[in-house]
Number of protein chains: 2
Amino acid sequence: MLKELDPLLHSQLRLGVMSILMSVESAEFTFLKEKTSSTAGNLSVQLDKLSEAGYILVEKSFNGKKPLTTCSITKKGTKAFEEYVNALKDYIKK
Amino acid sequence: MLKELDPLLHSQLRLGVMSILMSVESAEFTFLKEKTSSTAGNLSVQLDKLSEAGYILVEKSFNGKKPLTTCSITKKGTKAFEEYVNALKDYIKK
DNA sequence: ATAATTTGGTTTATAATATAAACCAGTTTA
DNA sequence: TAAACTGGTTTATATTATAAACCAAATTAT
């Protein structure tokens, strides 16, 4: 029987964000936007969802005079990502 | 840069169906329904989509007097699945 | 015999999700 | 000082997933 795939992670953009955040200590909004080839609007919405779920931490500050949004993965997010990958393996193993 | 994930395959139910069909020669509707824990309605819709994309072959016959829907993966479907898994690997490798 | 239930689905309506377009405040550039 | 750019957010729309309603035929129960 196939396991459920965490719907919050089973989304191309959110998974991409989480994937990146798994491998760096933190990442800026613009960096995530570029790496995931997403629009700012879409990214903003999806970061909110991940943040509300407690999967990531979103910090808003200023870089001189420009707004700066920095994201990092939480412990809960790391765990969720690992469980997702585990569940997914059943789907993609041949 | 992260690759695009085939939206037709990046769906829990459709991916589950494809995953099963990758490992068997063919599977009946009721078998797929059970293995994926899906409702008949949802499964019916998703099989249509996979079929319209040419990823699976859906054959309707009769088992005695009962309708029997049998599905199998096509060459195109196999290729798409493999490409999806490949693209996905970039997302889930740590 | 006929009414209720089950099987094996399909169709249609609704809820959830993703995405894009419009917008905004502040900054820089022409 | 007006136009364009940066770094976003909000809102509207398109897409997708899901559930509910439905259907025909077969089976079971009364």
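Here is what the cut-offs are and how they apply
Residues numbered from 1 in each chain as written. Chains lettered and ligands numbered in written order. Predicted model: local features only at pLDDT ≥ 70, side-chain atom pairs only at ≥ 80, totals over all residues. Heavy atoms only, no water. Buried < 20%, exposed > 50% of the residue type's maximum accessible area, 1.4 Å probe, protein only. Helix = DSSP H or I, 4+ residues; strand = E, 2+ residues; numbered from the N terminus. Pairing = 2+ DSSP bridges. Near = heavy atom within 4 Å. Polar contact = N/O pair within 3.5 Å; in protein donor to acceptor, adjacent residues only side chain to side chain.

Notes on the pairing of strand β3 (residues 66–73) of chain B
All names here are of chain B.
Line of reasoning, step 1. Within β3, six of the eight residues are buried, which leaves it mostly tucked inside the rest of the structure.
Line of reasoning, step 2. Relative to β3, strand β1 (residues 27–28) runs antiparallel, the two being bridged by two bridges. Looking at the pairing, E28 lines up with T70 of β3.
Line of reasoning, step 3. Two strands pair when backbone bridges link them, and strand β2 (residues 56–63) and β3 are joined in this way by eight bridges, in the antiparallel orientation. The partner of E59 across the bridge, within β3, is T70.

Section: the protein's contact with DNA strand D
Line of reasoning, step 1. S44, K60 and T69 of chain A together with S11 and R14 of chain B are the nearest of the 20 residues found near DNA strand D.
Line of reasoning, step 2. Backbone atoms, meaning sugar plus phosphate, form 68% of the atoms of DNA strand D positioned within 4 Å of the protein.
Line of reasoning, step 3. In this structure, S44 of chain A approaches DNA strand D through a side-chain N or O atom, which is 2.4 Å from a phosphate oxygen.
Line of reasoning, step 4. In this structure, a phosphate oxygen belonging to DNA strand D sits 3.3 Å away from a side-chain N or O atom of N42 of chain B.
Line of reasoning, step 5. Of all the elements in the fold, those that place two or more residues in the surface near DNA strand D are α2 (29–36), α3 (40–52) and β3 (66–73) of chain A together with α3 (40–52) of chain B.
Line of reasoning, step 6. Ranked by residues supplied to the surface near DNA strand D, first place goes to α3 of chain B with five residues.

These results come straight from atomic positions and should not be treated as a statement about function.
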